[in-house]
Amino acid sequence: MIDLRSDTVTRPSQPMLAAMTRAETGDDVWGDDPTVLSLQARVAEEAGKEAGLFFPSGTQSNLAALMAHCGRGDEYIVGQLAHTYKYEGGGAAVLGSIQPQPLDNAADGSIPLERVAAAIKPIDDHFARTRLFALENTIGGKVLPAAYVAEATQFAHGKGLATHLDGARVFNAVVASSQSLGALAEGFDSVSICFSKGLGAPVGSVLVGSRALIDVAHRWRKVLGGGMRQAGVLAAACLYALDHNVARLADDHANAARLAAGLAQIDEVKVTSHATNMVFAQFPQADCVPLEAWLKERGILTQMLYASRFVTHLDVSAADIDTFVAAVKAYFNR
Ligand SMILES: *Cc1c(COP(=O)(O)O)cnc(C)c1O
């Protein structure tokens, strides 16, 4: 099957599985797993932060970070389109007693700072205490403008807010912008990074930040049920991904560009945006269900909606993209 639904669908490769079976392990709740410790230290160092913490998922890593920054009755300012707001089941409110203050994202994924300024609450018993400003990079595949990130993080700190980056796909930004992980993490007090998105690992996220912040997040990870035991087998997959699957993200970006160019040739399809490993396109509403079935019969998995997203990853080749585009053309020419 050619699966374009997400970059989470990759299966661990044979060499990744071999690295997992070789991993030295220990009980990580006791801090005894050398492979987890080595992954945490490596990601923290590359991101220019003091410490790292391994999580089973990006959702839990983001949530523990929010709970480390904010207490009950505090709020975080976040984009309407942000994963931490829109796609995590309201976890900050449900489990952290943290109020979100969502603001509209601009087309480039940024949140205009005049809107942020207007949303910061005065210190007054009527209001939640505004504590944190959260951004996402990449967002909808787009790399946030570096000048915006520098200005936004300085602005937030100037207002006494902490800063969090949901960097689930930050390595896509690293490769697309030729900035280092350290440069992209600069200005953020915490950064969450996924290894199961496009990097090919089956599980795993790492949160980085100051030692003090990570100590608080460590406590919340245990409370949230994320303390894992011989997790070195999983961390080994992430270390393998760091060594072998980062630079090759450039192939995914080239394949997404190829996919966008292919769809753009089809009159019935409107490509609305494409960046890094994602393409967004609109299809006639009446064709979505039959087209998705048509593609599935031909071994291609998509989620066809009026506004559809296609995601490239390490299990999709340039030839697969051509097969997909040809199948969409054949559908409209049938
Ligand atoms: C997928 C994703 C997450 C959460 O990751 P899970 O590991 O699926 O919980 C967080 N942020 C962004 C931007 C994501 O795309």
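Our structure's up above, just so we're on the same page.
Conventions and cut-offs
Residues numbered from 1 in each chain as written. Predicted model: local features only at pLDDT ≥ 70, side-chain atom pairs only at ≥ 80, totals over all residues. Heavy atoms only, no water. Helix = DSSP H or I, 4+ residues; strand = E, 2+ residues; numbered from the N terminus. Buried < 20%, exposed > 50% of the residue type's maximum accessible area, 1.4 Å probe, protein only. Contact = heavy atoms within 4.5 Å. Near = heavy atom within 4 Å. Polar contact = N/O pair within 3.5 Å; in protein donor to acceptor, adjacent residues only side chain to side chain. Areas by Shrake-Rupley, 256 points an atom, 1.4 Å probe, with all protein chains shown as cover. Nonpolar A, V, L, I, M, F, W, Y, C, P; charged D, E, K, R; others polar. Expected span 1.5 Å × (residues − 1). Arc of directions from axis to C-beta. Core = buried A, V, L, I, M, F, W, Y, C linked by side-chain atoms within 4.5 Å. Phe/Tyr/Trp six-rings, centres within 6.5 Å; stacked < 30°, edge-to-face > 60°. Lys NZ or Arg CZ within 6 Å of the ring centre and 35° of its normal. Salt bridge = Lys/Arg side-chain N within 4 Å of Asp/Glu carboxyl O.

Can you tell me about the environment of Leu53, naming the residues and giving the values?
Structurally, the position occupied by Leu53 is in strand β2 (residues 51–55). The class for Leu53 is buried, based on a relative accessible area of 4%. If we ignore the near neighbours within four places in the chain, the residues touching Leu53 are Gln40, Ser205, Val206, Leu207, Ile214, Ala217, His218 and Arg221.

I'd like a description of the site of the ligand, backed by residues and values.
Taken together, the neighbourhood of the ligand is formed by Ser57, Gly58, Thr59, Asn62, His83, Glu88, Glu136, Asp166, Ala168, Arg169, Cys194 and Lys197. A distance of 2.6 Å is found between an oxygen atom of the ligand and a side-chain nitrogen or oxygen belonging to Thr59. Lys197 is positioned with one of its side-chain polar atoms (N or O) 2.7 Å from an oxygen atom of the ligand. Contact with the protein chains hides 83% of the accessible area of the ligand, taken as 380 Å² for the molecule alone. Taken together, the residues of the shell around the ligand sort by class into two nonpolar, five polar and five charged.

Before we move on, can you summarise helix α10 (residues 211–223) with the specific residues and values?
When the terminal C-alpha atoms of α10 are compared, their 19 Å separation across 13 residues agrees well with the 18 Å that a helix rising 1.5 Å per residue should span. Within the sequence span of α10, burial applies to Leu213, Ile214, Ala217 and Arg221. On an axial view of α10, the arc spanned by its buried residues comes to 90°, and they lie on one face. Pointing more than 90 degrees away from the buried face of α10 are the exposed residues Ala212 and Arg219. On the buried face of α10, the contacting elements are α2 (34–47), β2, α3 (58–69), β7 (190–194) and β8 (205–209). At the exit of α10 stands Gly225, carrying a positive phi of roughly 85°.

Describe the nonpolar core, and please don't skip the residues or the numbers.
Ranked by size, the top nonpolar core spans 53 residues in total, and within it Leu39, Phe54, Phe133, Leu135, Phe171 and Phe195 carry the most contacts. Ranked by residues supplied to this core, first place goes to helix α11 (residues 232–244) with eight residues. In this view, Phe133 contacts Ile77, Ile111, Leu113, Val116, Tyr148, Ala152, Ala156, Leu161, Ala162, Thr163 and His164; residues no more than four positions away in its chain are not counted. Counting 26 residues, the second-largest nonpolar core is a separate cluster that includes Cys288, Leu295, Val316 and Phe332.

Which residues make up the packing of aromatic side chains, and what values go with them?
A full pass over the atoms with the stated rule returns four aromatic pairs. Seen from their ring centres, Phe283 and Phe310 are 6.0 Å apart, and the 70° between their planes marks the pair as edge-to-face. Of the two residues, Phe283 sits in the loop between β10 (278–282) and α13 (288–297) while Phe310 sits in strand β12 (residues 307–311), which places them 27 residues apart along the sequence. Each member of the aromatic cluster is reached from another via a ring pair, and the members are Phe283, Phe310 and Phe324. Sitting over the face of the ring of Phe55, Arg221 holds its NZ or CZ atom 6.0 Å from the ring centroid. In this structure, Arg334 packs its charged tip against the face of Tyr331, placed 4.0 Å from the ring centre.

With reference to specific residues and values, describe the pattern of salt bridges.
Going through the model one piece at a time under the given rule, you end up with 13 salt bridges. Note that Arg131 and Asp74 form a salt bridge whose closest N and O atoms lie 3.1 Å from each other. Here Arg131, found in strand β5 (residues 129–136), pairs with Asp74, found in strand β3 (residues 74–79); they are 57 residues apart in sequence, far enough to count as distant. Overall, the relative accessible area of 3% leaves Asp74 in the buried class. Arg211 is the salt-bridge partner of Asp215, the closest N and O atoms lying 3.2 Å from each other. Linking Asp215 with Arg211, this pair stays in helix α10, spanning four residues, or about one helical turn. Here Arg211 falls in the partly exposed class, since its relative accessible area comes to 43%. Among the charged side chains, a network of salt bridges with common partners joins Arg42, Glu46 and Asp243.

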